[in-house]
Amino acid sequence: IVCVCVCVCCRGGVLMAGIFPQDPALPIGSTLTATCSVSPDLGLHASSLFWSLNGRRLPSSFYSVLSPTALSVTLPGLPASRQRSGDNLVCHNHGGHVLAGSCLYIGMPPVKPVNLTCWSRNTKDLTCRWAPGGQGETFIKTKYTLKYKLRWYGRERECEEYSAAQPYSCYIPRDLALFTPYEIWVEATNQLGSATSDVITLDILDVVTTDPPSGVSVSRVGDLEDHLSVRWESPPALKDFLFQAKYQIRYRLEDISDWKVMDDVGNLTSCRLAGLRPGTVYFVQVRCNPVGIYGSRRAGIWSEWSHPTAASTPHSERVLSGSCDSKSGDSNSTLRRELKQFFGWVRNNAYGCGGMSIKLYDQWRVWMQKSHKTRNQVLQGDKS
């Protein structure tokens, strides 16, 4: 339902009926007295008229006949408007025909917007987002305007590209200066008042984020059953900038929604995931944080995660035997205990993307798998 704020009873272009006040804006809880006045030429007496609000007829106890051609209605304790376009207050003749209408805007003045943050994608643009202050709802149409200017010179400008999907955000696509701080703020206005956010000061180079890393690939590491290798490329849009990239990787099992994040990737563009489950599908994502663009001392802003890339670890070649060969079982058990104690630190240090002990760990895992494969072949030969 949209409130149509027009007077509809006319004759020969002459207004024959009207409501006063027309389209008022009032704070929640206000009392309103409105008057419907009709032309004597209509031949209607005020006592024959009635009022409706949002399509519902109002009780006659709210009415007062002011004159043969004027009927008022008093609405105490008005609640917030049901819709931002206003509530429909309508005056009718005795047959229900609409004589005149008025839109009621019942709400609150805006509160100072808060949590204003901005970021630049690849230094080419600027996107800012904020939150309405207070409870966030004014119940009437409120306009938010993002304004900005160079800190020491330049004229005040307004952002023009607002997002319908993100109501409290705006996008500045071009004509931004580098190495010069900007002052940015948000103004909120409606029919009941206005409010201005705190002013933030930022340099574009201090709030840079990037596109996600491209070319993400995940592959097996030979026959190692608990490893996957991840490789990616730096964001191409920043290839001409002097900066030190940081990367994060996260991965999860195919049937589990929780991600495990690795923070120690550094500025490498490859990583080894260790300690994984054999024969299992993993989804992997990578994101980038550009640090120190053109010498900026601020931490960059993390990019979005790359699209998930899937790969599976090799199936384990270990065969669970039903043999009662206690001698073989005892030696295997002892070997396991010794290796677990001796190489426990290797697994801990090889986990992640650090290069320390990776080669030794790989050699040990390959040897273990070959040992198990040979032992299983011997056991199967004994059975036959």
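Keep in mind the model is a prediction, meaning the values are calculated, not measured.

Reading guide: rules and limits
- Residues numbered from 1 in each chain as written.
- Predicted model: local features only at pLDDT ≥ 70, side-chain atom pairs only at ≥ 80, totals over all residues.
- Heavy atoms only, no water.
- Helix = DSSP H or I, 4+ residues; strand = E, 2+ residues; numbered from the N terminus.
- Contact = heavy atoms within 4.5 Å.
- Areas by Shrake-Rupley, 256 points an atom, 1.4 Å probe, with all protein chains shown as cover.
- Disulfide = S-S within 2.5 Å.
- Buried < 20%, exposed > 50% of the residue type's maximum accessible area, 1.4 Å probe, protein only.
- Pairing = 2+ DSSP bridges.
- Salt bridge = Lys/Arg side-chain N within 4 Å of Asp/Glu carboxyl O.
- Polar contact = N/O pair within 3.5 Å; in protein donor to acceptor, adjacent residues only side chain to side chain.
- Phe/Tyr/Trp six-rings, centres within 6.5 Å; stacked < 30°, edge-to-face > 60°.
- Lys NZ or Arg CZ within 6 Å of the ring centre and 35° of its normal.

> Got a minute to help me understand the overall build of the protein in this structure?
Across its full length, the protein holds two helices and 28 strands. Long-range contacts, defined as pairs at least 24 residues apart, comprise 65% of the intrachain contacts of the protein with a sequence gap of at least 6. Per element, the accessible surface of the protein, about 21,000 Å² overall, is 52% carbon and sulfur.

> What's the story with the state of the cysteines in this structure? I'm lost.
Throughout this description, disulfide means a covalent bond between two cysteine sulfur atoms. Counted according to the given criterion, the structure contains three disulfides. Between the sulfur atoms of Cys118 and its disulfide mate Cys128 the distance is 2.1 Å. Across the disulfide from Cys118 to Cys128, rotation about the S-S bond amounts to roughly 110°, and the bridge is consequently right-handed. Here the residue Cys118 occupies a position in strand S12 (residues 114–121), and Cys128 occupies one in strand S13 (residues 126–131), the gap between them amounting to ten residues. For Cys118, a relative accessible area of 6% puts it in the buried group. Overall, Cys128 belongs to the buried group, its relative accessible area being 0%. With a sulfur-sulfur separation of 1.9 Å, Cys159 is cross-linked through a disulfide to Cys170. Across the S-S bond of Cys159 and Cys170 the torsion is about -95°, and the bridge reads as left-handed. Placement of Cys159 in the loop between strand S15 (157–158) and strand S16 (161–162) and of Cys170 in strand S17 (residues 169–172) is noted, with a sequence separation of eleven residues between them. By the burial criterion, Cys159 is buried, and Cys170 matches it.

> Explain the pairing of strand S11 (residues 98–107) here, please?
Residues in a regular strand project their side chains so that they alternate between the two faces of the sheet. Counting buried positions along S11 yields nine of ten residues, so the element is predominantly enclosed. Relative to S11, strand S10 (residues 87–92) is paired through six bridges, and the arrangement is antiparallel. The residue of S11 that forms the bridge with Leu89 is Ser102.

> It is not clear to me how the pattern of salt bridges should be interpreted in this structure. Could you clarify?
Any two side chains of opposite charge can pair, given that their charged atoms come close. Under the defined criterion, the tally for this structure stands at five salt bridges. Note that Asp198 is salt-bridged to Lys112, the shortest N-O span being 3.2 Å. Linking Asp198 in the loop between strand S19 (193–196) and strand S20 (200–202) with Lys112 in the loop between S11 and S12, this pair joins segments that are 86 residues apart in sequence. For Glu183, the salt bridge identified is with Lys149, shortest N-O distance 3.4 Å. Within this pair, whereas Glu183 is found in strand S18 (residues 182–190), its partner Lys149 is found in strand S14 (residues 143–150), the two being separated by 34 residues in sequence.

> So what exactly am I meant to see when it comes to the environment of Ser81 here?
As for its position among the elements, Ser81 is in the loop between strand S9 (70–75) and S10. Residue class for Ser81 comes out buried when judged on its relative accessible area of 6%. Between the C-alpha atoms of Ser81 and Ile28, which are 53 residues apart in sequence, the distance is 8.5 Å. Setting aside its immediate chain neighbours within four residues, Ser81 contacts Asp87, Leu104, Tyr105, Ile106, Phe139 and Ile140. A polar contact of 3.3 Å, which involves the side chain of Ser81, links it to the backbone oxygen of Leu104.

> Got a minute to help me understand the packing of aromatic side chains in this structure?
In this description, an aromatic ring pair is defined by two values, namely the gap between the centres and the angle between the planes. Following the criterion strictly, the structure yields five aromatic pairs and no others. Ring geometry for Tyr144 versus Tyr168: centroids 5.3 Å apart, planes at 85°, classification edge-to-face. Of this pair, Tyr144 sits in strand S14 while Tyr168 sits in the loop between S16 and S17, and the two are 24 residues apart along the sequence. Taken together, the aromatic side chains of Trp130, Tyr144 and Tyr168 make up a single cluster linked through ring pairs. The ring of Phe50 has Arg57 sitting right over it, with the charged end atom 3.9 Å from the ring centre. Of note, Arg250 hangs over the ring of Trp259, and the distance from its end group to the ring centre comes to 4.4 Å.

> Looking at this structure, I do not really get the environment of Leu71. What am I missing?
In this structure, Leu71 sits in strand S9. Owing to a relative accessible area of 2%, Leu71 belongs among the buried residues under this scheme. Between the C-alpha atoms of Leu71 and Thr35, which are 36 residues apart in sequence, the distance is 5.6 Å.

> Please explain the sheet that holds strand S7 (residues 56–57) as it appears in this structure.
Ordered by their spatial adjacency, five strands build an open sheet running S4-S11-S10-S6-S7, and the pairing between neighbours is mixed. Both edges of this open sheet fall to strand S4 (25–27) and S7, since each of them pairs with a single strand only.

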